[in-house]
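# Reading the structure
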Amino acid sequence: MPTLLQEQFERLVAFPPTTFPVISLYLNAEPDQHGKDDVERFLRRELPARGRTFEPRSADRESYDRDVERIQSWVAENLRPSANGVAIFACAGADDFFEAVQLEAPVKEHRLYVYNQPQLYELARLTDAYPRYAAVVLDSELARIFVFALGGTVGHAEVAGDSVKGHQAGGWSQARYQRHVGNQRQQHAKDVVAALDRIVREEEIGHIVLAGDEVMIPTFREELPQHLQEKVIEDVLRLDISAPEHEVLKATLDAMISEDRREDADRVRRAIEGYRAGGL
């Protein structure tokens with residue numbers, strides 16, 4: 001199923017040029033040293049100033065003024081304290097078009113564009129800086145699969161395995177018990193791989209970050225098909241299965257940043273080697 005973020009992107013990309021002004025607004029919602037942002041001050045200063053460039057009582061001015069009122073109301077009523085960035089696109093003259101995207105990823109500075117269609121460059125840049133990836137946190141009884149993008153969570157699934165609490169005296173032999181535990185772990189790994197494979201395919205995931213205990217990770221990796229193995233980054237994290245979502249996001253995002261740096265360094269190395277060899 002497509003996520004809300006995907007649906008918003010699709011609507012923005014599909015928006016056709018219009019004769020009415022389209023507001024594209026990017027806001028840095030990170031708190032300053034005093035714990036406050038200056039979003040409302042920026043809106044009060046910049047939106048009216050840009051509106052005065054339209055003829056009074058013109059269709060363009062009426063559409064713009066309606067957008068300004070809606071944007072200010074939305075920010076006052078809906079902006080989450082946890083959001084570090086916001087992208088808002090509005091055009092009242094085009095069937096009251098309005099899209100607001102709240103981001104965990106930071107927007108560096110406030111930007112306001114008024115054109116005949118949404119300006120998506122800043123959003124595309126953020127998408128490139130904070131790519132979509134999957135994070136798998138698992139132990140022998142549970143797996144949590146997250147899909148992160150733009151520095152936030154866009155999807156979450158869980159896969160539970162059968163638990164083995166221990167064997168009673170007079171019951172199974174130790175060898176048989178261990179085989180049973182091993183079989184359960186292998187089946188759990190297969191179930192998680194099946195779920196991950198579907199998510200990666202449907203969400204068009206390019207990278208996978210693994211986290212979990214040292215017992216389960218090797219079993220899980222043995223079950224990964226080649227096309228998933230190629231997406232797994234080098235860093236394997238040690239995270240508890242009960243780690244809060246924000247801790248999973250931070251740890252895996254740090255791992256993704258490290259992987260990106262390695263890929264950049266590798267591209268530079270290959271370019272230099274190609275130049276030395278006369279291949280460029």
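Given the structure is predicted, the values throughout are model-derived calculations rather than measurements.

## Observations concerning the overall build of the chain
Of regular secondary structure, the chain possesses eight helices and nine strands. Within the chain, the proportion of its 280 residues that are buried is 41%. As displayed, the chain has an accessible area near 15,900 Å², and 48% of this comes from carbon and sulfur atoms.

## Regarding the sheet that holds strand 3 (residues 97-103)
Strand-to-strand pairing in sheets goes through backbone hydrogen bonds, with the strands running parallel or antiparallel. Read from one edge of the open sheet, four strands run 3-2-1-4, paired in antiparallel fashion. Two strands close off the open sheet at either side, each with one partner strand: strand 3 and strand 4 (111-115). Across this sheet, the average inter-strand angle for adjacent strands is 5 degrees, counted without regard to direction. Of the pairings in the sheet, the one linking strand 2 (residues 85-91) to strand 3 comprises seven bridges and is antiparallel in character. Each bridged residue has a counterpart across the sheet, and for valine 86 the counterpart in strand 3 is glutamine 102. Docked against the sheet, helix 2 (residues 39-51) engages strand 1 (22-28) and strand 4, running at close to 30 degrees with respect to strand 4. Against the sheet, helix 3 (residues 59-78) engages strand 1, strand 2, strand 3 and strand 4, with an angle of about 150 degrees to strand 2.

## Quick notes on the nonpolar core
Residues Tyr133 and Val248 are the most contacted members of the largest nonpolar core, which totals 34 residues. A per-element tally of this core places helix 8 (residues 245-276) first, with five residues. Contacts of valine 248, omitting those with residues within four sequence positions, involve Ala135, Val137, Phe146, Phe148, Leu239 and Ala243. Of all hydrophobic cores here, the second largest spans 25 residues; its members include Ile145, Val159, Ile208 and Ile217.

## Some words on the sheet that holds strand 8 (residues 208-212)
Read across the open sheet, the five strands follow the order 7-6-5-8-9; overall the sheet is mixed. Where the open sheet ends on each side, the last strands, each with one partner, are strand 7 (152-160) and strand 9 (232-237). With direction set aside, neighbouring strand axes in the sheet form an average angle of 20 degrees. Strand direction decides the pairing type here: strand 8 and strand 9, joined by three bridges, are parallel. Bridged to leucine 210 within strand 9 is valine 236. Sheet strands touched by helix 6 (residues 216-223): strand 5 (133-138), strand 8 and strand 9. Its angle to strand 8, the strand with the most contacts, is close to 145 degrees.

About the cut-offs
Residues numbered from 1 in each chain as written. Predicted model: local features only at pLDDT ≥ 70, side-chain atom pairs only at ≥ 80, totals over all residues. Heavy atoms only, no water. Helix = DSSP H or I, 4+ residues; strand = E, 2+ residues; numbered from the N terminus. Buried < 20%, exposed > 50% of the residue type's maximum accessible area, 1.4 Å probe, protein only. Areas by Shrake-Rupley, 256 points an atom, 1.4 Å probe, with all protein chains shown as cover. Pairing = 2+ DSSP bridges. Axes fitted to C-alpha atoms, helices over the stretch in contact; angles between N-to-C directions. Contact = heavy atoms within 4.5 Å. Core = buried A, V, L, I, M, F, W, Y, C linked by side-chain atoms within 4.5 Å.

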